[in-house]
Amino acid sequence: MKTTIEPTKNTLYLIYDGNCILCRNSAQAIQIKKSVGELELINARESNSLVKDALDKGYDLNEGIVVYYNGKYFYGSDAVNFLALLGSDSDLFNKINTFIFKHKLMSQLFYPIFKLARNIILSLRKIPSLPMPTQKKLIQKIFDEQTQKTIPNILRERYLNRPYSKDTLLLKGEMNITISKIFSLLSPLFRLTGALVPYPAQKIPASVELTSNNNSEKILMHRTFYYPGQPSYHFRSQVIHIKDNLVIELMRFGFASKLIYSFDNNKISMDYGGYAVRIGKILIPIPLKYLIGEFYAYEEATSDDQFNMLVKLTHPLFGKIFQYDGCFKIVKSNE
């Protein structure tokens, strides 16, 4: 039976994993200043309206705690930072907690260690991860309902994968790949991070498989380029919706490209949003624009069952240094 909670003003609600000894003991030891109000602990493994609301908003309770206070949510490292700012220094534990986590940078550095310890404890005790509710399709997460109505069916199907599911999608088509001499010089960097394709080609067969995982927010994108007379080239990345129309494509070593989505005239565009390194849930911007350039991509419906796509990389000094484009069809989906 689900417990319904009507949040009250000046009550701080802390949602944590009650099956994790470390999480439970830490939550029970935390004290907040009397001037702040009351602290109420909520076990994320129990049926509760606030837990449901947090999950519906996309907070993965396997990846971080959630704090709800006066209409606002705080998650992961932001949650422990917020708790420290409101914390009491009544005993040694709370003094240490406040000292470590009251600075945002320290929270970002230490919280992944806390999360790793939780995962090890659950693994050793053979406790399963917290179940995640049915998620919206990627297209629904990126675009509002009004925009979705105008997007062609072929592009809506292209983005049918949901996080925390078993959704799969297979695309097949032909690709053209153009690279410049400047890109050739940068090729070792891209190959190190597992990004893009280092060999030029014209009209080579290609496939793209998108696979969701029941236990992850990440959608695996596996591209295969079938070069004639040589081994196929594989390019793997992970697609993660961050918020609104912001998505990241994650590659090796946590290297990420930020994609800002928009839709107009049968075309979904992905504009340059910068580069970053992702550590846990934290995105740390890295200034690579003048080293590798800015990217732009789009996917455009050309018929009821086919779309064109393009990805290009433009350097601020040398112009376009890389492009691949092609035409694809959906050949298999399992939603």
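Refer to the structure printed above.
Residues numbered from 1 in each chain as written. Predicted model: local features only at pLDDT ≥ 70, side-chain atom pairs only at ≥ 80, totals over all residues. Heavy atoms only, no water.

Draft legend 1. Quick peek at the overall build of the chain. Secondary structure summary: the chain contains 10 helices and 15 strands in total. When the backbone C-alpha atoms are referred to their principal axes, the chain occupies close to 70 × 40 × 40 Å. Of all 335 residues assigned to the chain, the portion counted as buried reaches 48%. Taking contacts inside the chain between residues at least 6 apart in sequence as the whole, the part at least 24 apart equals 56%. Summed over its atoms, the accessible surface of the chain is roughly 17,600 Å², and 53% of this surface lies on carbon and sulfur atoms. In the chain, which carries 42 positive and 30 negative side-chain charges, the distance between the mean positions of the two groups comes to 5 Å. (Helix = DSSP H or I, 4+ residues; strand = E, 2+ residues; numbered from the N terminus. Buried < 20%, exposed > 50% of the residue type's maximum accessible area, 1.4 Å probe, protein only. Contact = heavy atoms within 4.5 Å. Areas by Shrake-Rupley, 256 points an atom, 1.4 Å probe, with all protein chains shown as cover. Lys, Arg positive; Asp, Glu negative; His and termini not counted. Charge placed at Lys NZ, Arg CZ, Asp CG, Glu CD.)

Draft legend 2. Fine view of the environment of Thr150. Relative to the helices and strands, Thr150 resides in helix α7 (residues 145-150). Spatially, the C-alpha atoms of Thr150 and Asn265 are 8.8 Å apart, while their sequence positions differ by 115 residues. Separated by 2.7 Å, the side chain of Thr150 and the backbone oxygen of Thr147 make a polar contact. (Polar contact = N/O pair within 3.5 Å; in protein donor to acceptor, adjacent residues only side chain to side chain.)

Draft legend 3. How the structure looks around helix α5 (residues 104-124). For α5, which comprises 21 residues, the first-to-last C-alpha distance of 31 Å matches the rise-based estimate of 30 Å (1.5 Å per residue) to within 8%. At Phe110, α5 shows its largest bend, some 30 degrees, and a proline, Pro112, comes one to four positions later. Tucked into the core, α5 has its buried residues touching α1 (21-29), α3 (77-86) and α4 (92-101). (Expected span 1.5 Å × (residues − 1). Bend = angle between axes of the 7 residues up to and from the residue.)

Draft legend 4. View of the nonpolar core. Core analysis: the biggest nonpolar cluster contains 54 residues, and Ile177, Leu196, Phe225, Tyr261, Ile268, Leu313 and Tyr324 have the highest contact counts within it. The contacts of Phe225, once residues within four sequence positions are left out, are Met175, Ile177, Val197, Ile204, Pro205, Ala206, Ser232, Tyr233, Phe235 and Tyr324. (Core = buried A, V, L, I, M, F, W, Y, C linked by side-chain atoms within 4.5 Å.)

Draft legend 5. A look at α1. Listed in full, the buried residues belonging to α1 are Cys23, Ser26 and Ala27. Taken down its axis, α1 places every buried residue within 100 degrees of arc, on the same side. Looking at the buried positions of α1, the neighbouring elements they touch are β1 (11-16), β2 (38-43), α4 and α5. (Arc of directions from axis to C-beta.)

Draft legend 6. Spatial organisation of the packing of α3 against α4. Interaxial distance between α3 and α4 falls to 8 Å at its minimum, and their mutual angle equals 120 degrees. Taken together, the axes of α3 and α4 lie oblique to each other. Pair α3 / α4 crosses with left-handed handedness. Here α3 contributes Val80, Asn81 and Ala84 to the contact with α4, which in turn contributes Asn97, Thr98 and Phe101. Looking at side-chain class alone, the contact of α3 with α4 contains three nonpolar, three polar and no charged residues. (Axes fitted to C-alpha atoms, helices over the stretch in contact; angles between N-to-C directions. Parallel < 35°, antiparallel > 145°, perpendicular 65-115°, else oblique. Left-handed = near helix turned anticlockwise from the far one by under 90°. Nonpolar A, V, L, I, M, F, W, Y, C, P; charged D, E, K, R; others polar.)

Draft legend 7. Region of interest: the pattern of salt bridges. Taken as a whole and judged by the stated rule, the model has 10 salt bridges. Residue Arg223 is joined to Glu249 by a salt bridge in which the shortest nitrogen-to-oxygen separation is 2.7 Å. Here Glu249 lies in strand β9 (residues 246-250) and Arg223 lies in strand β7 (residues 219-225), a separation of 26 residues in the sequence. In this structure, Lys289 and Glu294 form a salt bridge, with 3.1 Å as the shortest nitrogen-oxygen distance. (Salt bridge = Lys/Arg side-chain N within 4 Å of Asp/Glu carboxyl O.)

Draft legend 8. Focus on the sheet that holds strand β4 (residues 72-75). On the basis of which strands lie adjacent, the open sheet formed by four strands has the order β2-β1-β3-β4 and mixed pairing. Bordering the open sheet on either side are β2 and β4, each of which pairs with just one other strand. When the angles between neighbouring strand axes are averaged without regard to direction, this sheet yields 20 degrees. By the bridge criterion, four bridges tie strand β3 (residues 66-69) to β4 in an arrangement that is antiparallel. Counted as the bridge partner of Val67 is Phe74 from β4. Each of β1 and β2 touches α1; the most contacted strand, β1, lies at about 170 degrees to it. (Pairing = 2+ DSSP bridges.)

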